[in-house]
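# Structure at a glance
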Amino acid sequence: AQSVAQPEDQVNVAEGNPLTVKCTYSVSGNPYLFWYVQYPNRGLQFLLKYITGDNLVKGSYGFEAEFNKSQTSFHLKKPSALVSDSALYFCAVRDNGEGNTPLVFGKGTRLSVIA
Amino acid sequence: SQTIHQWPATLVQPVGSPLSLECTVEGTSNPNLYWYRQAAGRGLQLLFYSVGIGQISSEVPQNLSASRPQDRQFILSSKKLLLSDSGFYLCAWSPGQGVSPLHFGNGTRLTVT
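The following refers to the structure shown. (Residues numbered from 1 in each chain as written. Chains lettered and ligands numbered in written order. Predicted model: local features only at pLDDT ≥ 70, side-chain atom pairs only at ≥ 80, totals over all residues. Heavy atoms only, no water.)

The subject of this paragraph is the overall build of chain A. From N to C terminus, chain A includes zero helices and 12 strands. Helices (α) and strands (β) of chain A occur, in sequence order from the N terminus, as β-β-β-β-β-β-β-β-β-β-β-β. For a compact globule of 115 residues, the expected C-alpha radius of gyration is about 13 Å, and chain A comes in at 14 Å, within 12% of that figure. Seen through its C-alpha atoms, chain A measures out along the principal axes to roughly 45 × 30 × 20 Å. Relative to its full complement of 115 residues, chain A shows a buried share of 45%. A separation threshold of at least 6 residues defines the contact pool for chain A, and within that pool the share at least 24 residues apart is 57%. Total accessible area computed for chain A in this model is approximately 5,300 Å², and 48% of it derives from carbon and sulfur atoms. Across chain A, the 10 positively charged side chains and the 9 negatively charged ones have centroids separated by 3 Å. (Helix = DSSP H or I, 4+ residues; strand = E, 2+ residues; numbered from the N terminus. Rg over C-alpha atoms; globule rule 2.2 N^0.38 Å. Buried < 20%, exposed > 50% of the residue type's maximum accessible area, 1.4 Å probe, protein only. Contact = heavy atoms within 4.5 Å. Areas by Shrake-Rupley, 256 points an atom, 1.4 Å probe, with all protein chains shown as cover. Lys, Arg positive; Asp, Glu negative; His and termini not counted. Charge placed at Lys NZ, Arg CZ, Asp CG, Glu CD.)

What follows is the structure, encoded as C-alpha cells:
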C-alpha cells in the first residue's frame, strides 16, 4: 500500500523568508513523487515531480523539492516566499511498480505568506 | 496542446435530485481519467478512475457513479443526491503511458440543499 503524510495543516512564513512544506511517504517499491498547488476555487496545478536521478528537483514558480530516500521525505522549498505563494499545497505519491494505479494525495498544507 | 473542460463551475441542487457533471479532454487520445472530491477545501478523495472506454474503477462505494461513453469524456452521476454529496468535484487526466502528472480541471462546486 502507498500513503503520503503532510504533518502540518498550516504553515505561516513572512514574505522574503525561506519556506518549507513537509511531506513523507510510504511505498513498497520506489516512489514517484509530485507536488501540486491549489488556489481558491480552482483545480490543482502541477509544480514538480521526482521520478529518478538527481535528488533535488526544480519546478515552477521558483519551487524546489528534495527527495530523501533514507527519511522517506520529499519536502517542498522556496528560498524567498512571496505573498502570491499563499495557497493550498498537496504532495502525492505512486509506487513505481504499481502500473496505472492513481496517485495518492496528502491532506494538504495551507501556506500563508505574510507581508 | 491538451486542455480539460469541466462544467458547470457551480451547481446548487436539492436533496433527492439527480446529478450529472461532465468532463472532456482535448488534444490527446486514450487518457486516464479521474474524478476526485474535495471536502471543506482540504484533502482529495479519489472517487473513480478510468483507463479506457467503459472501464471504470470505483474507489469508494457511495451514492455516485461514473461513465466513460467516449474516449475523452468522463461523466459523474447520481440518481438521488444527499446532503453529504456537497463538495468540490475535480476531474483530472493523465497520459495513458508513462509517469506523467495529473492535469486538473477547474472543478465544480456542488451544494446540495
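With that settled, the discussion passes to the interface of chain A and chain B. Contacts between the two partners involve 24 residues from chain A, matched on the other side by 23 residues from chain B. Of the roughly 1,800 Å² buried between chain A and chain B, counting both surfaces, carbon and sulfur atoms make up 54%. At the boundary of chain A with chain B, the tally comes to zero salt bridges. Taken together, the links from chain A to chain B amount to five residue pairs in polar contact (both at pLDDT 80 or more). Elements supplying a minimum of two residues to the side of chain A that touches chain B: β5 (31-38), β6 (44-50), β10 (87-95) and β12 (109-114) of chain A. Considering only residue class, the side of chain A that touches chain B consists of 11 nonpolar, seven polar and six charged. (Buried area = accessible area lost by both parts, 1.4 Å probe. Salt bridge = Lys/Arg side-chain N within 4 Å of Asp/Glu carboxyl O. Polar contact = N/O pair within 3.5 Å; in protein donor to acceptor, adjacent residues only side chain to side chain. Nonpolar A, V, L, I, M, F, W, Y, C, P; charged D, E, K, R; others polar.)

On to the nonpolar core. Residues and elements named next belong to chain A. Counting 27 residues, the largest nonpolar core has Trp 35, Leu 47, Leu 48, Phe 74, Leu 76 and Tyr 89 as the members making the most contacts within it. Elements with a contribution of two residues or more to this core: β2 (10-14), β3 (19-21), β5, β6, β8 (64-68), β9 (73-78), β10 and β12. It is β10 that contributes the most residues to this core, four residues altogether. Other than its neighbours up to four places away in sequence, Leu 47 contacts Trp 35, Tyr 36, Val 37, Gly 59, Ser 60, Tyr 61, Phe 63, Leu 76 and Tyr 89. (Core = buried A, V, L, I, M, F, W, Y, C linked by side-chain atoms within 4.5 Å.)

In this section: the environment of A:Leu56. Within the element layout of this structure, A:Leu56 appears in strand β7 (residues 56-58). The spacing of A:Leu56 and A:Glu66 is 10 residues in sequence and 4.5 Å in space, taken between C-alpha atoms.

Working definition: an aromatic ring pair is given by the centre-to-centre distance plus the angle between the planes. In total, this model carries 16 aromatic pairs over all chains according to the counting rule given. With a centroid separation of 5.8 Å and 45 degrees between ring planes, the pair formed by B:Tyr36 and B:Phe104 is classed as tilted. With B:Tyr36 in strand β4 (residues 32-38) and B:Phe104 in strand β10 (residues 103-104), this pair connects stretches of sequence that are 68 residues apart. Residue classification places B:Phe104 among the buried positions, given a relative accessible area of 9%. One aromatic cluster in this structure is built from A:Phe34, A:Tyr36, A:Phe46, A:Phe90, A:Phe105, B:Tyr34, B:Tyr36, B:Tyr49 and B:Phe104. (Phe/Tyr/Trp six-rings, centres within 6.5 Å; stacked < 30°, edge-to-face > 60°.)

One key point about sheets: their strands pair by backbone hydrogen bonds, in either a parallel or an antiparallel sense. Residue and element names in this part refer to chain B. Pairing within the open sheet is antiparallel, and its four strands lie in the order β1-β3-β8-β7. Whereas interior strands pair on both sides, the edge strands pair on one side only; in this sheet they are β1 (3-7) and β7 (65-70). Between one strand and the next, the sheet's axes are offset by a mean angle of 20 degrees, whatever the strand orientation. Two elements, strand β3 (residues 19-26) and strand β8 (residues 73-78), share six bridges in a ladder whose sense is antiparallel. What sits directly across from Thr 24, in β8, is Gln 73. (Pairing = 2+ DSSP bridges. Axes fitted to C-alpha atoms, helices over the stretch in contact; angles between N-to-C directions.)

Residue and element names in this part refer to chain A. In the structure shown here, the tally under the stated rule is two disulfides over all chains. Across a sulfur-sulfur distance of 2.0 Å, Cys 23 and Cys 91 are joined as a disulfide pair. Because the sign of the S-S torsion sets the handedness, a value of about -60 degrees for the bond joining Cys 23 and Cys 91 places this disulfide among the left-handed ones. Of the two residues, Cys 23 is situated in the loop between β3 and β4 (24-26) and Cys 91 in strand β10; the sequence distance between them amounts to 68 residues. The buried category is assigned to Cys 23, whose relative accessible area is 0%. On the basis of relative accessibility, which here comes to 0%, the residue Cys 91 falls in the buried class. (Disulfide = S-S within 2.5 Å.)

So yeah, pure geometry; function would need other evidence.
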